[in-house]
Protein chains: 2
Amino acid sequence: MEISVQAFQVIAIFISALSLGIAGWLYTWVKAQPSSNPRIKEIGEYIRQGANTFLKREYQVLARFTAIAAVLILILLPRPIWTGNVSENIWMAVSYIFGTVLSALAGKIGIQVATIANIKAAEAAKKGIKPAFMAGFRGGAVMGMAVVGTSLLGVSLVLMLTGDASSVLGFSFGASSLALFAKAGGGIFTKTADISADLVGKVEMGIDEDDPRNPAVIADNVGDNVGDVAGMGADLFDSNVASMSAALVMATSLGGLTGNNVKMVFAYAAIGLLASIIGVSSARIGKNGDPNKALNSSTYVTTAIFAILTAVVTYLFGFEWRIWGATAVGLIVGTVIGITTDYFTNDAKPPVQQVANASKNGPAFTVLSGFSYALLSSLPALIGIAVSALLAFNICAPLGAESGMVAEYGMFGISMSALGMLSIVGMIISNDAYGPIVDNSRGLAEMGGYGEEVIAICDELDSAGNTVKAVTKGFSISAAGLTVISLLGAFMSEVNDAARAIGMVDSSRFIENFDILNPTVFFGLIIGVAIPAVFSAMLMLGVDKNAQRMVAEIHRQFDTIPGLKEGREDAKPDYDKCIDIATTGSLKELIPAGAFAIVSTIVVGFIGGPQAIGGFLTGNIASGLLLALLMSNAGGLWDNAKKYIEAGNCGGKGSFAHKAGVVGDTVGDPFKDTAGPSINTQITVVSLVASILASLFLQFSIF
Amino acid sequence: MEISVQAFQVIAIFISALSLGIAGWLYTWVKAQPSSNPRIKEIGEYIRQGANTFLKREYQVLARFTAIAAVLILILLPRPIWTGNVSENIWMAVSYIFGTVLSALAGKIGIQVATIANIKAAEAAKKGIKPAFMAGFRGGAVMGMAVVGTSLLGVSLVLMLTGDASSVLGFSFGASSLALFAKAGGGIFTKTADISADLVGKVEMGIDEDDPRNPAVIADNVGDNVGDVAGMGADLFDSNVASMSAALVMATSLGGLTGNNVKMVFAYAAIGLLASIIGVSSARIGKNGDPNKALNSSTYVTTAIFAILTAVVTYLFGFEWRIWGATAVGLIVGTVIGITTDYFTNDAKPPVQQVANASKNGPAFTVLSGFSYALLSSLPALIGIAVSALLAFNICAPLGAESGMVAEYGMFGISMSALGMLSIVGMIISNDAYGPIVDNSRGLAEMGGYGEEVIAICDELDSAGNTVKAVTKGFSISAAGLTVISLLGAFMSEVNDAARAIGMVDSSRFIENFDILNPTVFFGLIIGVAIPAVFSAMLMLGVDKNAQRMVAEIHRQFDTIPGLKEGREDAKPDYDKCIDIATTGSLKELIPAGAFAIVSTIVVGFIGGPQAIGGFLTGNIASGLLLALLMSNAGGLWDNAKKYIEAGNCGGKGSFAHKAGVVGDTVGDPFKDTAGPSINTQITVVSLVASILASLFLQFSIF
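Residues numbered from 1 in each chain as written. Chains lettered and ligands numbered in written order. Predicted model: local features only at pLDDT ≥ 70, side-chain atom pairs only at ≥ 80, totals over all residues.

## Let's talk about the overall build of chain A
- Along the backbone of chain A there are 17 helices and zero strands.
- Relative to the 2.2 N^0.38 estimate, which gives 27 Å for 703 residues, the radius of gyration of chain A is 24 Å and therefore close to what a compact globule would have.
- The dimensions of chain A, computed from C-alpha atoms along their principal axes, are 80 × 50 × 45 Å.
- Burial statistics for chain A: of 703 residues in total, 68% are counted as buried.
- Across chain A, every contact between residues at least 6 apart in sequence was considered, and the portion connecting residues at least 24 apart equals 85%. (Helix = DSSP H or I, 4+ residues; strand = E, 2+ residues; numbered from the N terminus. Rg over C-alpha atoms; globule rule 2.2 N^0.38 Å. Buried ≥ 20, exposed ≤ 12 C-beta atoms within 10 Å, placed from the backbone. Contact = placed C-beta atoms within 7 Å.)

## Concerning the nonpolar core
- With 548 residues, the main nonpolar core has Ala389(A) and Ala389(B) as its most contacted residues.
- Beyond its immediate stretch of four places on either side in the chain, Ala389(A) contacts Ile414(A), Leu482(A), Ile485(A), Pro519(B), Phe522(B) and Phe523(B). (Core = buried A, V, L, I, M, F, W, Y, C linked by C-beta atoms within 7 Å.)

## Focus: the relation of the copies chain A and chain B
- Screw-axis analysis of chain A against chain B gives a translation of 0.0 Å along the axis, an RMSD of 0.0 Å, and a rotation angle of 180°. Between the two chains, the operation in question is that of a two-fold axis. Taking C-alpha positions as the reference, the residue of chain A nearest the rotation axis is Asp515(A), at 2.2 Å.
- The fraction of interface residues of chain A whose copies in chain B are also interface residues reaches 100%, indicating that both copies meet through the same surface. (Least-squares fit on C-alpha atoms with pLDDT ≥ 70 in both.)

## Structural notes on helix α12 (residues 406-422) of chain B
- Its 17 residues give α12(B) an end-to-end C-alpha distance of 25 Å, which sits within 8% of 24 Å, the value for a rise of 1.5 Å per residue.
- With 15 of its 17 residues buried, α12(B) lies for the most part within the structure. (Expected span 1.5 Å × (residues − 1).)

## Structural notes on unusual backbone geometry
Residues and elements named next belong to chain A.
- One non-glycine residue with positive phi stands out, namely Cys650, at about 50°.
- Residue placement: Cys650 occurs in the loop between α16 (575-646) and α17 (656-700).
- The class for Cys650 is buried, based on 22 C-beta atoms found within 10 Å.

## Concerning the interface of chain A and chain B
- In this complex, chain A contributes 64 residues to the contact, which on the side of chain B involves 64 residues.
- Those elements that provide at least two residues to the side of chain A that touches chain B are α5 (165-205), α11 (363-396), α12 (406-422), α14 (452-501), α15 (519-560), α16 and α17 of chain A.
- Ranked by the residues each element gives to the side of chain A that touches chain B, the list is headed by α11(A), at 19 residues.
- Looking at the side of chain A that touches chain B, its residues break down into 45 nonpolar, 17 polar and two charged. (Nonpolar A, V, L, I, M, F, W, Y, C, P; charged D, E, K, R; others polar.)

## Focus on the confidence of the model for chain A
- Here chain A shows a mean pLDDT of 89. Residues at 70 or above account for 99%.
- If you check the scores for this complex, the pTM reads 0.93 and the ipTM reads 0.92. (pLDDT = per-residue confidence, 0-100.)

## Some details on the environment of Ile531(B)
Residue and element names in this part refer to chain B.
- On the secondary structure map, Ile531 appears in helix α15 (residues 519-560).
- Residue classification places Ile531 among the buried positions, given that 26 C-beta atoms sit within 10 Å.
- Excluding its chain neighbours within four sequence positions, the residues that come into contact with Ile531 are Ala597, Ser600, Asn620 and Val686.

## A word on the packing of helix α4 (residues 129-162) of chain B against helix α6 (residues 217-255) of chain B
All names here are of chain B.
- Orientation of α4 relative to α6, taken along the N-to-C sense of each, is 35°, at an axis distance of 10 Å. Both α4 and α6 take part in a crossing whose hand is right-handed. Counting all contacts with α4, which are made through Met143, Val147, Val148, Ser151, Gly154, Val155 and Leu159, the residues of α6 involved are Val229, Gly233, Leu236, Phe237, Asn240, Val241, Met244, Ser245 and Leu248.
- Split into classes, the residues belonging to the contact of α4 with α6 amount to 11 nonpolar, five polar and no charged. (Axes fitted to C-alpha atoms, helices over the stretch in contact; angles between N-to-C directions. Left-handed = near helix turned anticlockwise from the far one by under 90°.)

## Overview of the environment of Ile702(A)
All names here are of chain A.
- Residue position: Ile702 is located in the segment after α17.
- Through-space distance from the C-alpha of Ile702 to that of Ser243 is 32 Å; in sequence the pair is 459 residues apart.
- Leave out the neighbours within four places in its chain, and Ile702 touches Phe606 and Ile607.

## What about the packing of α12(A) against α14(A)?
Residues and elements named next belong to chain A.
- Axis separation between α12 and α14 bottoms out at 8 Å; the angle between their running directions is 160°. The angle between α12 and α14 places the two elements in the roughly antiparallel class. As for how α12 packs across α14, the hand of that crossing is left-handed. Each of Met411, Ile414, Ser415, Ser417, Ala418, Met421 and Leu422 in α12 lies in contact with α14, whose residues at this interface are Phe475, Ser478, Ala479, Leu482, Thr483, Ile485, Ser486 and Gly489.
- Residues that form the contact of α12 with α14 fall into these classes: nine nonpolar, six polar and no charged. (Parallel < 35°, antiparallel > 145°, perpendicular 65-115°, else oblique.)

Here is the structure:
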């Protein structure tokens, strides 16, 4: 069967629209759920307002950044405007802006639904785990459907309108740069509030997590939304777009815009979204069911549907089976990485229990053993990434044997394997957004005085959210790794295209490889290693500084507001002040880390040229993957070790071990929710900056 | 002026002998110092016996390992014995054994003098800081002179006798593999004892660091010797030998065994040793002087002498100035790295003070902020390494313009820059060994009841030791990085030599580069990233497990020995039992981590062949440098933050901040004394294994 590329794009757009329609339907469903408790409504409204205020202020800052970046792109990219080709630059700038707008939109939609679903799920928990799960999960699914729908829609539209794969890179760069700052800003906000609330509330005063007396409690719940929902949405929007862009750039360079390879990218991406739609719709839970099982089984359903449908389509349209194979490798390895991540962060497994046990000797042992296990946990994921890159390349390379494009086909294979790993991203986001929603519900149930039983139900939902979250992070970090590898290939072809375009005659500037023994490559590599480390340190120090300000404010309120400590009816904490501190602080700390990553790429590029950038990206991947896995897994592990102790093990709540467990959890918080997950985005942004600036580096570098 | 290579080697041997003579003289001097206190003598004797027992048992284990490795080498390396060339294999095996023996000897000498010097320095502290400093420093200098003397002697002898640079690699591998295990074993021992003693003594019971009631106190002091003296000696012996070997292999491949390049390696190494001899002899301190200044100024003297003398020799013998330049770059960059390391670990600078300040909010903030600053601290060192590699290569590359050996000369430049960085290693070791000696003296002074004033003097000496230690670690990690880069070059030439030797006709197996875009290289790279992480995790989990056993034993003694807690005269703790636990445990945990590093290299080599190994080594360097810098600096920073609080800041001793500071210090202990410094050795060993097995990987790999 043979149909045109346009037909595939139209189908992709159709499925995107379908998913947006389903998102709309789910949103209406969630909104129609009952909510009766006025106290919860009031608090829910606080959270909603806080989240929207933060988002508004954040987007104002980012709009300025975007405007400046768009002007620079217009003048300079892909080639300086004075060298002609004005239209290319205009398209690039427009695509860039389009990327940022869609990314911001994804975050906004997420906040919109999450701040309703939290109230509904809390209310539903009074009726049992089943309705509460459905309210939480469908709230998350709105986000999942909206993010993937818009990303596929965006990529399809950009490619149809511009007819140029490098505009897709511009679109992707827009999405990434916004994600970088949104993730950083949201991550700093959420952990500032979380840590400060815990430190004064739980540790110093011994009151409960969501005690309404705590002035930071609303900020904490706002943080769940702006960090874990909006930030994460922007992040996965970015990963998804980046993997499609990388695949499209490679596919176009192999057989032009109308070839089978481009068709496959759209077909597979559309099938991934379709599979997620079916998976999301199939999510069910028994009356006393296990939410963990419900989340996992719908993920497996999605995976299976994707594998089968892509095989059918490959057969029907006579696509290359080898490319299907590479995609399947990504999917399988992703699942394996998910399972191993689960091993290191699940409280039914030895690592978490050992860390809980070590906590009996004090916090230093919690930190040491958790950190050590997290280091160990990087091994299976790194092996998985290495093996899928090796297999995907070697599976697809023979396709280029005749045309002499062995390496290009191999790289395309790697990009398709990343696409395979991310194919079920709609499902992943739904699961991921479910977490903060039910976390919020727990808080609302407590603040609304719903009683122990309802809180217990919320706790169970929350705990399932934690485990799934660690697993999905493993997925997205690994996929980012593979995407960036294929972006390295894209970078090389961009450089060579640019060299041809500017009629460069010095053939030594053309890139045939990035040789580690070339000192310029090596120079870039070693500098590249430092970037994710410094980037994450800046974010964590931001949290640290900000939390110190907030702790001081909480202390001030407890000291000066009469009756607050004792919980007198008339004593109201000033929630807004805490939200304001978190907002102002995170907006202040949000730009430097991201700017550092971008500027250092530019500096290295102008010092060492494309060769140094090849090394630089590799160094970034090497240390970025290690740190991202280490931090995400350490955070998940410590969180669950604390929960394991709280469940009555190793002395239970209030014991010496528990105090140590809380320290571990506090250290892990910015690890897993601020620094760790921002590193993906950082690596992706750096790769895209490099690809987009390739031509300039080629012409104006020192070495 | 023109003299033969042999003459240079004889001069090198002569200077080695001179340094050994001076070591002997210093040893006699130290031994002749007075020691009158019988209680101190008794405790000193305990420490001495404990250290020697451990060393004996450790060497017994390692002798078996060495024997097995030697047989394997005899059969397989450099080429399987059944393919002829028996004599090459015999030389390789003999060189290997020679390397292990000399490395063990270096450790043994260190223990021998350190366990005397500690008593003498404690005694001398009664007379003031000047004599105490001299006793401690000269004790350390014995170690410095002995280690560098034997390493230069060993390399010179091996090359003279075998006339084959790859035998030098065998010698270096012997030194490295012993260092790997000695560092790991000693590191686990020392931190097991240190952490356990602190945890029960300081934290739980609130008694002083070296209170003689604590059953682990002797084990703690033994640990300083076996970990920081013997282990560190083996480590720097290894680094020094590895840098000379890498330079010699490159030099030989450039102009044969008799060329100017080989002469330069010996000349510069000998001058480095000579400069260290002069520097050590020049170390003086005023009557109320600052030990920090004394240590630093003699280091600068050594550096200056080295720079001048090498220039003179280069002029006299008409050596290439470009190579001198590369060496000078290493020396300068090393100094800069030292200074930046000092910034992040010195308590007069913001990072340490900020961490101390953050501790007021609890241990989670100590850990978070310290970890973040340590991540930041990797940046200047990594930039330094990257810049020196880039400069050294580009300075020396033009030398190969005529002969078409541009890359080879560039790599030789990098290896000479590592040699330059390590040139003053004799001085570095003297400074480094001084630390544990005065640390021990402090313990002895306390246990011997010498009173506050003497302890204060020991404390001042100890604190100077800490700062210098962090600086020297920066030096040795960076030098290891550069050495390993040049070993990568050595690996490539080994592979190509082997390919020619076995008459390989398939030219695709020859290596022209390690291309990052080659999936096999990339596969190796990503796996390589995981190795230092897993290796250090295994060591830290070893400490963790072992410390839990020891803590239980300390509790048992305090609970069952009547009057021990109260400090009754007749109540004696069972020191031996604690030493035994530390010994047995560390011997158990010592093999797996080292074996893991070696075996994974072999597995990757047989899967992906030389190309995968190229990537693997690069991944190892990337994550190894990052983790080593991170861990060493974090440990030093936390240690000094705790000391800063103890000096009366942020609430002072016993405050909430102090408790948090102790947690940070405990986390940092295995970071800086077990895992961090072992990573150098691990990277070096992996590189040497790769170079030695190059021929086998070439013939028998899957991909």
